Amino acid sequence: RQALESLPTPSTLSLGQTNRPPHFNTIKRQRETMDDGTGGDGAHPPNGGGHQQPQQHAVNEREGQPDDDGGGVMIGPPPPPPPLPQQQQQAPPLQQAIVVPLEGDATSIDNIVVPVVAVAVDNSAQTMAAEVEVAPMEIEPPSEAALQIWNEVDLGLKKNSTVVWQKAVDSLEAARRHIQTPQARAFLTKCMMPIVSILLEQKAFSIGHHEKECVEKSVKCALMIVKEDLEMAVQSGDVTKTCETMDGLKHVFDKKKVFYKGQSRGGWSNSSPSGNPEFRSNLITIFRRIKGYQILASYLNGRVGTPQFPDFDCIHVVLTAVQETIELPSSSNKQNNQNMDPAAKATVAAERAQKAQAIELDARRVSEAVMKHLLTVDEDTLKKSTDAIKTMNYDLQRIYERLAVSNPRAIFDYFAHARELVLKLITSQSLPLKLSGWGYLEDIIEYSKENRPPPRAYDVIGAGLGFINGRYEFEKKRRMEEGWVKNLQDISYQRVVPKLEEGAPAGAPLADGQQQQASGEGKILTLFRCTMRSQHKWWFISEADLDQPGTDKDIDYYQHKSKPNEEAKPSPSGWATCRSGIDPPPTLRPVGFQVPEGEEYNTLEHNLAKWAIENGVIELVLGDSIHREIVARSTALIKFLASMCDRDDELEVVATTPAVPPSETSGTTGEPSPMQTEKIPNQYCLKASHLLLAWKMCMNKADAAVSAEIYHLLVSILPSLPEDLAIPLIHAIHESLAQTSDKGNHNFYEVSEFCCAIANISEGDNKNNNDKCTPISMKTQVREEILSLQWAILTH
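Residues numbered from 1 in each chain as written. Predicted model: local features only at pLDDT ≥ 70, side-chain atom pairs only at ≥ 80, totals over all residues. Heavy atoms only, no water.

Q: I'd like to hear about the overall build of the protein chain, residue by residue, with values.
A: Along the protein chain, the regular secondary structure elements total 29 helices and 12 strands. For the protein chain, the residues scored as buried account for 43% of the 796 residues in total. Within the protein chain, contacts between residues at least 6 apart in sequence are counted, and of these 69% link residues at least 24 apart. Element-wise, carbon and sulfur atoms account for 51% of the exposed surface of the protein chain, whose accessible area totals about 41700 Å². (Helix = DSSP H or I, 4+ residues; strand = E, 2+ residues; numbered from the N terminus. Buried < 20%, exposed > 50% of the residue type's maximum accessible area, 1.4 Å probe, protein only. Contact = heavy atoms within 4.5 Å. Areas by Shrake-Rupley, 256 points an atom, 1.4 Å probe, with all protein chains shown as cover.)

Structure representation (structure tokens):
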């Protein structure tokens, strides 16, 4: 107690004060005359003259302790107190640092030093850790030592764009301690970003251990400064207040920095890593564990739609880091758990689930704030930032794709935002923005097609080998409990051949089909995809070997040599008979979608079609502001909506047992699920009114280029149109031949141009398109109507 009372109070104790003989001050003053603030080698930018050797004895100016040669001690303006008696030399300083482990896993990758005020001192470390509490530090002005080192670093950056290794660490740590003072704020705003940028441009393999340690300490300190600065901005409640150090994340999390990525060392070992990417990964994890993403999300949400929202380049780097925090399921975790007892497994599983839930919540908070802001940005900003917005959208998509591995509904949330953004772009007044919106829409259509859920089952029909025919259900081990598919690249179907129906007379002869059925009783048949030695992927109907499925030990009955566009799912036709099979080969009919019950009409494709119809997107294309480029880009959407006309089958009613006994009027033991009975198949698709509107624009539009695009559009979708759409369109065109336009002109020219568009489709125009529009590829009745129209042109 006497020792503590004899020490100076916090208001008078400077960073440079220590209990040392007065002659040290003379040494320092002599050395100050030779140091202009830039002397001493340090870190240089890549173009600042190359790497120089660092100081061998770095001065710990923050602590105010001399280095090995006895010099370089910083002093503060107040005179040092007299030395303490020998028995009091062990008294601890008033301000200490306690190492606080980060929240999260027990195996923390790092610790953070949190300054605290010592209210009680005990020789026992355990007692001190229990009695000392973390308390907010009082705001006190920076010492002369801190001001001096800030000036020296600032001067070095101004003169030579360099920073001394240890001074980078000390200046940032001092700024963090005094982060609420104007002097520290000015230093951080002016110097923190250049310091971090210069340090991260150093090559990790070409600097020494001490220098590398300085880089890591400085960058880690900068990350903590950003987190605390964000926290102060959020706690202030003033949404007009910006976090001046926010751009620090753009440097700290940038994977392209030389210190992380490194460069090739040349020679035969070009593939050897030379950077330090693990350090960046640790920083990303640290930021999550100290609630950095949670604070960042609050900061972003408060500034959505305002000029204070961070720039898009910084957001891109942050989203990349957020993506890397989301851990994907690992097979190694399952293997590590095999040796655990059930209770330990359950505990570990619960901890991992809790951690994954926290990570998902942080990722969603940050992503949703960014998505909200993108929907509020004005057109001028959109035009200036088209590429940046495109990059951020792909970042968001990758985040939600990772989330969808464990929660498949997550990807639906992202595409709901993507469709809103597309609608904002295609309804803008700027043609470049409209075209970029249609470009996004093409990507959404393609993604929705590629990620269409596989069928829930396949009905195999017409195989010469009787027991092959029947329904093959999606394998249970390849789907989640809710009904979602685990991996779209790994699908297969199984069928257990049932026994013959009971009731047949004993010893009665069996028909051929029954004999085949009896020979297959109990067999487990598999419809699966196998990668051949040629790397082609073929589909088989086989009796798979239990120990080594997909090998020569399987008994193959039928196979399909799939083309690249047929590899994802089994083809309905084109099957061939294998050695163990009997002609003819079967045909396959898909049944439903492998999704949870009630989600059959709620896939990405269904949501996209519903969005397009409800928002009148086709009417936007063919409205008064029609433009040739927009018509050309709308072809993908119109073809997609045409394909949705016959996408759905009637749902098979699944009876659900009611909670109360069935009534006498119902006479059933269950009722259809409401989620099924309320769904209407093929509800959102291309309508006849859309096609008639397109033809109307052909007759009324004076721009021949626009009309030519519409002709090509209509002709290109004809093969995919169902008859109830294609025939009314051709009838309307036929009838317009006898009509006159609003200007009194006949429509002969327009009708003949449409017929020419059909006739002029050549192989060269369609060599990269599977939907070749030729009369042969069309349905019979549609082909007859087209021939009738062409004859009317010839005889007009």
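Let's pick the thread back up.
Q: Tell me about unusual backbone geometry, residues and numbers included.
A: That bond from D583 to P584 is cis: its omega, 0°, falls within 30 degrees of zero. With respect to the helices, strands and loops of the structure, P584 is situated in the loop between β9 (576-577) and β10 (587-591). A positive phi angle is found at K291, which is not glycine, with a value near 65°. Within the secondary structure, K291 sits in the loop between α10 (277-289) and α11 (292-301).

Q: Pulling in residues and values, what's your account of the side chain of E567?
A: Within the secondary structure, E567 is located in the loop between β8 (555-560) and β9. For the buried E567, no salt bridge is present, and the opposite-charge side chain at shortest range is K537, 5.0 Å distant. (Lys, Arg positive; Asp, Glu negative; His and termini not counted. Salt bridge = Lys/Arg side-chain N within 4 Å of Asp/Glu carboxyl O.)

Q: Help me get a handle on the sheet that holds β8, residues and values and all.
A: Spatially, 8 strands are ordered β9-β8-β7-β6-β5-β4-β3-β10 in an open sheet, and the strand pairing comes out antiparallel. At either end of the open sheet lies a strand with only one pairing partner, and these are β9 and β10. Both strand β3 (residues 457-461) and strand β4 (residues 470-474) contribute to a ladder of 4 bridges, which runs antiparallel. Residue A457 lies in a different strand from β4, and its bridge partner there is E473. (Pairing = 2+ DSSP bridges.)

Q: Talk me through the pairing of strand β7 (residues 537-543); I want residue IDs and the actual numbers.
A: Counting buried positions along β7 gives 5 out of 7 residues, so the element sits mostly inside the fold. The sheet contact formed by strand β6 (residues 524-531) and β7 spans 6 bridges and is antiparallel. Across the sheet, T526 pairs through a bridge with S542, a residue of β7. Remark: 5 residues form the turn of the hairpin made by β6 and β7, two consecutive strands paired antiparallel; Q535 in that turn has positive phi of roughly 70°. As paired elements, β7 and β8 share 5 bridges and run antiparallel to each other. Each residue of the ladder has a partner; that of F540, found in β8, is Q559.

Q: Could you give an account of the pairing of strand β5 (residues 492-496), naming the residues involved and the relevant values?
A: Note: β4 against β5, 2 bridges, orientation antiparallel. Within β5, the residue paired with F474 across the bridge is Y493. Direction of pairing for β5 relative to β6: antiparallel, over a ladder of 5 bridges. Across the sheet, residue V496 finds its bridge partner in β6, namely I524.

Q: Give me the packing of α11 against helix α12 (residues 312-325): which residues, what numbers.
A: At a closest axis distance of 13 Å, the pairing of α11 and α12 adopts a crossing angle of 140°. In terms of orientation, α11 and α12 fall into the oblique class. Crossing hand, α11 versus α12: left-handed. Here Y293, L296 and L300 of α11 lie close against α12, whose contacting residues are I315, V318, A321, V322 and T325. Residues belonging to the contact of α11 with α12 are distributed by class as follows: 7 nonpolar, 1 polar and no charged. (Axes fitted to C-alpha atoms, helices over the stretch in contact; angles between N-to-C directions. Parallel < 35°, antiparallel > 145°, perpendicular 65-115°, else oblique. Left-handed = near helix turned anticlockwise from the far one by under 90°. Nonpolar A, V, L, I, M, F, W, Y, C, P; charged D, E, K, R; others polar.)

Q: Quick one: what's the story with the side chain of H606, residue by residue and with numbers?
A: Structurally, H606 is set in helix α20 (residues 604-614). One polar contact links H606 to T603, side chain to side chain, over a distance of 2.6 Å. (Polar contact = N/O pair within 3.5 Å; in protein donor to acceptor, adjacent residues only side chain to side chain.)

Q: Quick one: what's the story with a negative patch on the surface, residue by residue and with numbers?
A: Together, E442, D443, E446 and E450 make up a region of like negative charge exposed at the surface. Structurally, E442 is set in helix α18 (residues 431-450). (Patch = residues over 30% accessible without salt bridge, like charges linked within 9 Å, V, L, I, M, F, W, Y side chains within 5 Å. Charge placed at Lys NZ, Arg CZ, Asp CG, Glu CD.)

Q: Help me get a handle on the packing of aromatic side chains, residues and values and all.
A: A complete count under the given rule lists 16 aromatic pairs for this structure. Between F415 and Y447 the ring centres are 4.8 Å apart and the planes differ by 35°, which places this aromatic pair in the tilted class. Pair noted here: F415 is in helix α17 (residues 410-426) and Y447 is in helix α18, with a separation of 32 residues, a long-range link. Relative accessible area serves as the criterion here: at 15%, Y447 is assigned to the buried category. When the centroid spacing of 5.1 Å and the interplanar angle of 90° are considered together, the rings of Y458 and Y493 count as edge-to-face. Here Y458, found in strand β3, pairs with Y493, found in strand β5; they are 35 residues apart in sequence, far enough to count as distant. For the residue pair Y458 and Y493, the accessibility class agrees, reading buried in each case. (Phe/Tyr/Trp six-rings, centres within 6.5 Å; stacked < 30°, edge-to-face > 60°.)

Q: So what's going on with the nonpolar core? Which residues, and what values?
A: Grouped together as the largest cluster of nonpolar side chains are 158 residues, with contacts concentrated most on I195, F253, L637, L686, W695, I710 and F754. Every residue in contact with I710, bar those within four places of it in the chain, is listed here: L622, I626, V631, A694, M697 and C698. In terms of nonpolar packing, the next biggest core, distinct from the first, is built from 20 residues, F474, V497, L527 and L588 among them. (Core = buried A, V, L, I, M, F, W, Y, C linked by side-chain atoms within 4.5 Å.)

Q: Describe the pattern of salt bridges, with residues and values.
A: Per the counting criterion, the structure on display carries 27 salt bridges. A salt bridge links K167 to E152, with the shortest nitrogen-to-oxygen separation between them at 2.9 Å. Of this pair, K167 sits in helix α5 (residues 165-177) while E152 sits in helix α4 (residues 144-160), and the two are 15 residues apart along the sequence. On the basis of relative accessibility, which here comes to 6%, the residue K167 falls in the buried class. Note on E152: relative accessible area 10%, which makes it buried. Among the salt bridges present, the one from D380 reaches K383, with a minimum N-O distance of 3.9 Å. With D380 and K383 both in helix α15 (residues 379-384), this residue pair falls 3 residues apart, about one helical turn. Among the charged side chains, a salt-bridge network with shared partners connects D154, K158 and K190.

By themselves, these figures tell us nothing about what the structure is for.
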